[in-house]
Amino acid sequence: MFYPPTDFPFTKSLESNWLLIQDELNTLEQSNSLPWQKEFLYNKGWDIFSLHSFGKKVENNCRLCPETTKLVESIPGMTTATFSSLAPGTHIAPHKGYINTVLRCHLGLIVPNDCWIRVGNETKTWEAGKCLIFDDTFEHEVLNRSNTARVILLIDFKKA
């Protein structure tokens, strides 16, 4: 289930600062990223660089992205903030999240053609500089059919 990003005031700040966030992303080295821990969900190529992980600040990573850190820490109820990169050909299998007290925000940063996310029966594509908000307890899956990586800023925040 997708929600209109305009229902959440913080999305305006993220969208108006997306180029700043992208600039900080571009300073990171690939070696700083780690594979997503749930390998059974995907075939290959899902890497993350976490700023906050399930309520815990990743201090060293936050120092590398100070402006992004300020932006995500201003989000009411933020529990997780991570750069999420999908390599070309990566498929995240249909699955459901397990925490029904949060919603998920994706801010498009590097968005090639031929990438999509399906939540329930609705499929959307990302746009650079735009947010998608959804409830990940609904079945969802992701596919990057392009020849380049898709990168988003993934944020979990508590439902109001």
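Residues numbered from 1 in each chain as written. Predicted model: local features only at pLDDT ≥ 70, side-chain atom pairs only at ≥ 80, totals over all residues. Heavy atoms only, no water.

## Considerations on helix α2 (residues 18-27)
What counts is decided by this rule: Exposed residues in this analysis have more than 50% of their type's maximum accessible area, buried residues have under 20%, and partly exposed residues fall in between, with area computed by a 1.4 Å probe over protein chains only. Helix numbers and strand numbers start at the N terminus; a helix is a DSSP run of H or I with at least 4 residues, a strand a run of E with at least 2. In this context, the arc is that of the directions from the helix axis out to the C-beta atoms.
Buried within α2 are the following residues: Trp18, Ile21, Gln22, Glu24 and Leu25. Here the buried residues of α2 occupy an arc of 160° about the axis, which is enough to place them on one side.

## Digging into helix α4 (residues 66-73)
Taken together, the buried positions of α4 are occupied by Thr68, Thr69, Leu71 and Val72. Buried residues in α4, looked at end-on, bunch into an arc of 165°, giving them a common side.

## Quick notes on the side chain of threonine 80
Counted only if it meets this: Residues adjacent in sequence count toward polar contacts only when both atoms are side-chain atoms; beyond that, a polar contact is any pair of N or O atoms within 3.5 Å, and within protein one must be able to donate a hydrogen and the other to accept it.
Along the polypeptide, threonine 80 turns up in strand β5 (residues 78-86). Within the local environment of threonine 80, its side chain forms a polar contact with the backbone nitrogen of phenylalanine 54, the two atoms lying 3.1 Å apart.

## Regarding the environment of asparagine 121
The topology assignment puts asparagine 121 in the loop between β8 (115-119) and β9 (122-124). Linking asparagine 121 and asparagine 147, residues 26 residues apart in sequence, is a C-alpha distance of 26 Å.

## With respect to the pattern of salt bridges
Working definition: two side chains of opposite charge can pair if their charged atoms are close together. The following threshold applies: Here a salt bridge means any side-chain nitrogen of Lys or Arg lying within 4 Å of a carboxyl oxygen belonging to Asp or Glu.
Following the criterion strictly, the structure yields 8 salt bridges and no others. A salt bridge links aspartate 136 to arginine 104, with the shortest nitrogen-to-oxygen separation between them at 3.3 Å. Pair noted here: aspartate 136 is in the loop between β10 (131-134) and β11 (140-144) and arginine 104 is in strand β7 (residues 102-110), with a separation of 32 residues, a long-range link. Overall, arginine 104 belongs to the buried group, its relative accessible area being 13%.

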